[in-house]
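# Secondary and tertiary structure notes
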Amino acid sequence: MVDKTLTRMDLNEAVFREVGLSRNESADLVESVLNHISDAMVKGEQVKISSFGTFSLRDKSARVGRNPKTGDEAPIAPRRVLTFRPSHLLKERVATGNS
Amino acid sequence: MIRSELIQIIADENPHLYQRDVERIVNTVFSEITEALAKGDRVELRGFGAFSVKLRDARMGRNPRTGEAVKVESKAVPFFKTGKLLRDRLNGRA
């Protein structure tokens, strides 16, 4: 398995090549895609991208955790977490691409 | 929010762009991430989160209908870890 990491720069470059916009505007649009997904989630919305996956929210209740190093008990406040459920297509692409 | 709504919001904010181009931009973002993961690469988007591939070991599963034991092959699955900024924002801390 190649150990490569893509970043915003790679997405910006892909959008730049795909659509005839400037590099700057391509970068702004990639940022805008990520920001609108984030904003919707912060508002409590689920974000469903067909053939990619669904970002949804789960509310976790308070519990007593433990510092794994010291074993000390530490309260964990109730919190909201994001879960990503990959679509069938994405799961299939990842499974066949890495087998 | 669904993909078409995301495209619509961005199209409304950018009246100088063709809707068709906004569609291509949004689709490119998700297809680039998909292609990267299919190659086993990671995608790290600071503040938003990181997509990676995790390997699940082979295991013995069970057909829930018949109760019969079946071998499940090891496989690669996509995984997303929420970025710190987004995690904080979801909890009203940023």
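Data block above holds the structure.
Predicted model only: the values in this text are computed from it and were never measured. (Residues numbered from 1 in each chain as written. Chains lettered and ligands numbered in written order. Predicted model: local features only at pLDDT ≥ 70, side-chain atom pairs only at ≥ 80, totals over all residues. Heavy atoms only, no water.)

## So, the side chain of R3(B)
Residue and element names in this part refer to chain B. Quick reminder of the rule: Per the convention used, a helix needs a DSSP run of H or I reaching at least four residues, while a strand needs a run of E reaching at least two, with both numbered from the N terminus. Throughout, exposure labels follow a simple rule: accessible area from a 1.4 Å probe, protein chains only, divided by the maximum for the residue type, with under 20% read as buried, over 50% as exposed, and the rest as partly exposed. Only four residue types enter the charge count: Lys and Arg as positive, Asp and Glu as negative, with His and the chain ends excluded. Salt bridge, as used here: a side-chain nitrogen of Lys or Arg that lies within 4 Å of a carboxyl oxygen of Asp or Glu. Each polar contact in these results corresponds to two N or O atoms within 3.5 Å; when the atoms are within protein, one needs to be able to donate a hydrogen and the other to accept it, and residues that are neighboring in sequence are counted only if both atoms are side-chain atoms.
Inspection of the secondary structure assignment puts R3 in helix α1 (residues 3–13). Buried R3, no salt bridge; nearest opposite-charge side chain is E23, N-O distance 8.3 Å. A polar side-chain atom of R3 sits 2.6 Å from a polar atom in the side chain of N27.

## Looking at the interface of chain B and chain A
Rules: In what follows, residue pairs with any heavy atoms lying within 4.5 Å of each other are defined as contacts. We define buried area as the total accessible area lost by two parts upon association, computed with a 1.4 Å probe and summed across both.
Contacts between chain B and chain A engage 45 residues on the former and 48 residues on the latter. When the two sides are added together, the surface that chain B and chain A hide from each other amounts to roughly 4,500 Å², 67% of it contributed by carbon and sulfur. When the buried area of chain B at its contact with chain A is split by residue, M1(B), F48(B) and L90(B) rank highest and sum to 15% of it. Our count for the chain B to chain A interface comes out at three salt bridges. Here E18(A) and R24(B) are joined by a salt bridge, their closest N and O atoms 3.6 Å apart. Seen at the junction of chain B and chain A, the total is 19 residue pairs in polar contact (both at pLDDT 80 or more). For the side of chain B that touches chain A, the elements supplying multiple residues, two or more each, are α1, α2 (19–38), β1 (42–45), β2 (49–56), β5 (75–82) and α3 (84–90) of chain B. Here the side of chain B that touches chain A takes 14 residues from α2(B), the largest share from any one element.

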